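Analysis of the macromolecular model
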Amino acid sequence: MLNLGRMLGSGIYSIPGVILNSVGSIGLLFVFWLLAPLFALGGLMVYSEYASMYPKRSGAEVVYLEQAYPRPQFLVPVAFAVTSVLLSFSATSSIVFAQYALTIFDVPITPARQTAIAIAVCTVGLAFVGLSTKWSLRAVNFLTGLKVLSLVFLVFTGALVLGGFTRIDDPFANFRSPFSDSTTNPNSLATALVKTNFAFSGWQNAFNVLGEVRTRDPVRTVRKAGFLSLLLVTCLFFFVNVAYVAAVPKDEIRNSGQLVAALFFQRVFGEGFTAKTLPIMVTLSCFGNITIGQARILREVARQGLLPYSRFFASTKPFGTPLAPVCLKYFLTVFVIVALPTQDAFNFLVDLASYPNLVFKAATAIGVWLLRKRRTLAGLAPSKYRARNIYVSLYLLSAIFLLIMPWVPPERGHADVSFWYATYCVVGLGVLALCGIYYWLWIVFLPWLGGYTIVEEVERLEDGASVAQFKCKYHPSVADTDNRERQPLIAST
């Protein structure tokens, strides 16, 4: 459920039209819905090898990168902390919720209406999380089950369309000459892969809690869960796209924006209440994604002492929930919803969230080979779940492709935003630059200027939470005996 809850989000309902607009043909649309899980499988094999090296560690990617790149000290957790904070918004799900909610009531979608509803649902969803962890988890479990049922229902309806049991006259029209109008433009292909990767994001979610899995072989359990969830979601997503293509004309899919699912039911059931069924399910799915998100991740970042005011952000007072991270996430979400043009907000935010993580993805793939070499030199046995080099290479090459190809100009009419096509690349690199500046100021420059070293000290709060405080250990030449009380309890190692 951990993996499915993340993977079954708003992507399958909102991005097929964007992908078709990028690649141009129905055939390539299907190809990309098969390529994305193939690259995810490579990532799953890479993560399994890392997990078998460190089976008692939760945290997944940040832990693996810390082990692969121990120097400079604190660089990996700092980079993850800054990236997690700056990209911790739920705007994409809120935007899709707003569009489908307006469609349900046959209200024209305008920038003001979309923005108002997106902010309103974000407020309700994050308030729900901030007030009760128990009920928010129950809601997530219920909505995850609803997501699966809605996709199965959509696939079943698509089968009826193909069987000629609906009002669609020629369900095979789009399947003739499937690769006509295909593009070879690298930017368009990269855009399509970014969007399909967004739909499959979450396949690695169970690795984040590996240390909490209580089975005889936790790595095997998590690995198996990853395989099963990836297989299930791949089948569902592929046949959902078959259903879309069978019922909706190609040009309408291409121009549907985030509303292809609504178009599908309108084509199959007309304008009656039945046509509103799937949009209602979509809105509920989006609400579920808003309630999960990254509040827990932000709290973990604070517990490690990587945020200013870490005690405040790590505390669960007064409701036993991560209220402070929820509020931070809320303000960031509202900011991006208001700041971006409404017609471009969804595509830009999906693209932006992917770009900095591609650097971490490439480093993770290379890190496997580095750790293998170190373990061999140390005389350690190979990993139990050693990934084949073909899987590591697939994972690495997909990251490199998506880092480079978006800089190539797209074909006219195929960009997914109305402003400069590579804006998200520049902003993504800016996020990584901020990581470097923050690290240099906090870990290098200020300690050099003040004559101290950053060390880590763990403190337990009143509510039971443990928080890591990064404190200053002054050098003997600077700190005299009157300053000794300022030195941390744990010495630098």
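Note that the structure is predicted; figures quoted are calculated from it, not measured. (Residues numbered from 1 in each chain as written. Predicted model: local features only at pLDDT ≥ 70, side-chain atom pairs only at ≥ 80, totals over all residues. Heavy atoms only, no water.)

A few words on the overall build of the chain. Each helix and strand counted, the chain has 20 helices and two strands in total. Burial status across the chain gives 55% buried among its 493 residues. Relative to all contacts within the chain whose residues are 6 or more apart in sequence, the contacts with residues 24 or more apart total 77%. Just so you have it, the chain exposes about 22,100 Å², and 65% of that area is on carbon and sulfur atoms. (Helix = DSSP H or I, 4+ residues; strand = E, 2+ residues; numbered from the N terminus. Buried < 20%, exposed > 50% of the residue type's maximum accessible area, 1.4 Å probe, protein only. Contact = heavy atoms within 4.5 Å. Areas by Shrake-Rupley, 256 points an atom, 1.4 Å probe, with all protein chains shown as cover.)

The subject of this paragraph is the pattern of salt bridges. Here the structure, examined in full by the defined rule, presents eight salt bridges. Among the salt bridges present, the one from D170 reaches R176, with a minimum N-O distance of 2.9 Å. With relative accessibility at 51%, the residue R176 sits in the exposed group. For D351, the salt bridge goes to K195, with nearest N and O atoms at 2.6 Å. Residue D351 is located in helix α18 (residues 342-377), and its partner K195 is located in helix α10 (residues 186-200); the two are separated by 156 residues in the primary sequence. Summarising the burial analysis for this pair, D351 and K195 share the class buried. Put simply, K195, D351 and D416 are held in one network by salt bridges that share partners. (Salt bridge = Lys/Arg side-chain N within 4 Å of Asp/Glu carboxyl O.)

Overall, the coordinates contain 27 aromatic pairs when judged by the stated rule. An angle of 55° between the planes, with centres 6.3 Å apart, marks the rings of F172 and F175 as tilted. Classification of F172 by relative accessible area gives partly exposed; the value is 43%. Judged by its relative accessible area of 27%, F175 is partly exposed. Grouped by ring-pair contacts, the aromatic residues Y47, Y50, Y64, W203, F207 and Y395 constitute a single cluster. (Phe/Tyr/Trp six-rings, centres within 6.5 Å; stacked < 30°, edge-to-face > 60°.)

Together, L86, L434, I437, W440, L441, V444, L446, W448 and L449 give the surface a local cluster of nonpolar side chains, amounting to about 880 Å² of exposed area. Among the elements that make up the nonpolar patch, the one with the highest residue count is helix α20 (residues 423-450) (eight residues). In this structure, W448 sits in helix α20. A relative accessible area of 66% means that W448 is categorised as exposed. (Patch = residues over 30% accessible without salt bridge, like charges linked within 9 Å, V, L, I, M, F, W, Y side chains within 5 Å.)

On to the environment of A192, then. Tracing the backbone through its elements, the reader meets A192 in helix α10. With a relative accessible area of 0%, A192 lands in the buried category. Taking the C-alpha atoms as reference points, A192 and L28, 164 residues apart in sequence, are found 9.4 Å from one another.

This part is about α18. For α18, spanning 36 residues, the distance from its first C-alpha to its last is 54 Å, which sits close to the expected 52 Å at 1.5 Å a residue. Within α18, the axis deviates most sharply at N357, by approximately 30°. The first or second residue beyond α18 is G379, which carries a positive phi of 80°. (Expected span 1.5 Å × (residues − 1). Bend = angle between axes of the 7 residues up to and from the residue.)

On to the side chain of T183. Assignment of secondary structure puts T183 in the loop between α9 (133-162) and α10. Looking at T183, its side chain comes within polar contact range of the main-chain nitrogen of N185, at 3.1 Å. Leaving out residues up to four positions away in the same chain, T183 has contacts with S22, V23, L28, S188, L189 and E411. (Polar contact = N/O pair within 3.5 Å; in protein donor to acceptor, adjacent residues only side chain to side chain.)

When its relative accessible area of 0% is taken as the criterion, K195 is described as buried. The residues contacting K195, other than those within four sequence positions of it, are I15, V18, I19, N347, V350, D351 and D416.

Of all hydrophobic cores here, the largest spans 131 residues; its most connected members are Y13, W33, Y64, F237 and F264. The leading source of residues in this core is helix α4 (residues 26-53), at 16 residues. Discounting residues that sit within four places of it in the chain, F237 has contacts with M7, L8, I12, W33, L151, A199 and F200. (Core = buried A, V, L, I, M, F, W, Y, C linked by side-chain atoms within 4.5 Å.)

Of all residues in the chain, 89% attain a pLDDT of 70 or more, and the chain-wide mean is 84. Contacts for the low-pLDDT stretch residues 481-493, under 50 throughout, to residues beyond four places or in other chains number 18 contacts. (pLDDT = per-residue confidence, 0-100.)

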